[in-house]
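Residue-level structural notes
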Amino acid sequence: DENRNDALTFYDYLTLRLLRFSWDKCSVNAAILDEVNFACAINAASGYKTLSHNSLNRLFGFAMEISGSRTTIDFISFSHVALSLNLFGKINGKRDSEISQKELMIALEHGILPSRYNEDVVNEMFALIADDTISTKGIDMFSFVFYDYFLRIFDKPFIDGKDKANQLALTKEEFAEI
């Protein structure tokens, strides 16, 4: 439920079906994905057809980290990476390797970003990458997938759920240090 309305919209349902289709197409109904099958599934789920081998390796490595495995990933980890990559593609209209603060703000204004995003979150993301020694001022695909994953699991309404003892929580300062 990306929009915190406690309901599955038709679009959410279609997104879930796309993830499931991508998984089934490339894993042959297995419970886990290896690196080769991940490349197939992530290309199908994200809409990207030109991800380099290095990009796929880095995304798979991150997915393994969040799944806690050394060689394979589960459907939930795949879903997190695929949804973040899909969101990156929606924001990045130029289809270059990074998104600017302006692109994120436009996506926020047009309702493309999920409700876990607001102007403060966008500004904080760019404050984290502020470095005068780097010529680019955008967020690359891997950083965006990383930030989006942690925004998803540390989203305040998620934390305000009934079972707070099992929820993860970070303050703004703690998030900046990750």
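In this report, the structure presented in the accompanying data block is examined. Along each chain, numbering runs from 1 in the same order as the chain's sequence is written. The predicted origin of the model limits local features to residues at a pLDDT of at least 70 and limits the giving and counting of side-chain atom pairs to 80 or more, whereas totals for whole chains, interfaces and linings rest on all residues. Excluded from the side-chain calculations are hydrogens and water; all other atoms, namely the structure's heavy atoms, are used.

What follows concerns helix α4 (residues 75-91). Secondary structure elements follow DSSP: runs of H or I no shorter than four residues count as helices, runs of E no shorter than two count as strands, and numbering proceeds from the N terminus. One fewer than the residue count of a helix, multiplied by 1.5 Å, yields its expected span. With 17 residues, α4 should cover 24 Å at 1.5 Å per step; its first-to-last C-alpha distance of 24 Å lies within 8% of that length. All of the buried residues in α4 are S77, F78, S79, H80, V81, A82, S84, L85, L87, F88, G89 and I91. Under the scheme applied here, a residue whose accessible area is under 20% of the maximum for its type counts as buried, over 50% as exposed, and between as partly exposed, the area being computed with a 1.4 Å probe on protein chains only.

As a further point, take the pattern of salt bridges. When a carboxyl oxygen of Asp or Glu is within 4 Å of a side-chain nitrogen of Lys or Arg, the pair counts as a salt bridge. Inspection of every chain in the model, using the stated rule, returns three salt bridges. Of the charged contacts in the structure, one is a salt bridge between R20 and D24, with a shortest N-O distance of 3.0 Å. Remark: D24 and R20 occur in helix α1 (residues 10-27); sequence separation between them is four residues, near one turn of the helix. For R116, the salt bridge is made with D148, and the minimal N-O distance between the two is 2.9 Å. With a gap of 32 residues between them, R116 in the loop between α5 (101-109) and α6 (119-128) and D148 in helix α7 (residues 141-153) connect regions that are remote in the sequence. Each of R116, D148 and R152 takes part in a single network of salt bridges with overlapping partners.

Turning our eyes to something else, we now look at the packing of aromatic side chains. Stacked, tilted and edge-to-face pairs are distinguished by plane angle, under 30 degrees for stacked and over 60 for edge-to-face with tilted covering the rest, among Phe, Tyr and Trp rings (Trp via its six-membered ring) whose centres lie within 6.5 Å. By the definition in use, this model includes 13 aromatic pairs. Plain terms: the ring middles of F62 and Y149 are 5.7 Å apart, the flat faces sit at 85 degrees to each other, and that makes the pair edge-to-face. Taken as a pair, F62 in helix α3 (residues 53-67) and Y149 in helix α7 lie far apart in primary sequence, 87 residues in all. The class of F62 is buried, set by a relative accessible area of 14%. Ring pairs connect the aromatic residues W23, F38, F60, F75 and F78, which therefore count as one cluster. Only when the NZ atom of a Lys or the CZ atom of an Arg is both within 6 Å of the ring centre and within 35 degrees of the ring normal do we say a charge sits over the ring. When the ring centre of F142 is taken as origin, the NZ or CZ atom of R58, which lies over that ring, is 3.8 Å away.

This part is about the packing of α5 against α6. For every element, the axis is a line fit to its C-alpha atoms; helices are fit only across the contacting stretch, and the angle between N-to-C directions ranges from 0 to 180 degrees. In contact at an axis separation of 10 Å, α5 and α6 are set at 165 degrees when each is read in the N-to-C sense. Here α5 is positioned roughly antiparallel relative to α6, judged by the angle of their axes. For α5 against α6, the interelement crossing comes out right-handed. Of α6, the residues touching α5 (which contributes Q101, L104, M105 and L108) are E119, V122, N123 and F126. Looking at the contact of α5 with α6 residue by residue, the classes come out as five nonpolar, two polar and one charged. Each angle receives one of four descriptions, namely roughly parallel if under 35 degrees, roughly antiparallel if over 145, roughly perpendicular if within 65 to 115, and oblique otherwise. Note: crossing handedness is left-handed where the near helix turns anticlockwise from the far helix by less than a right angle, and right-handed where it turns clockwise. Residues count as neighbours in contact if any of their non-hydrogen atoms are within 4.5 Å of one another. By the convention adopted, Pro, Cys, Tyr, Trp, Phe, Met, Ile, Leu, Val and Ala count as nonpolar, Lys, Arg, Asp and Glu as charged, and the other residues, Gly among them, as polar.

Fair warning: the whole summary comes from geometry, so function is off the table for now.
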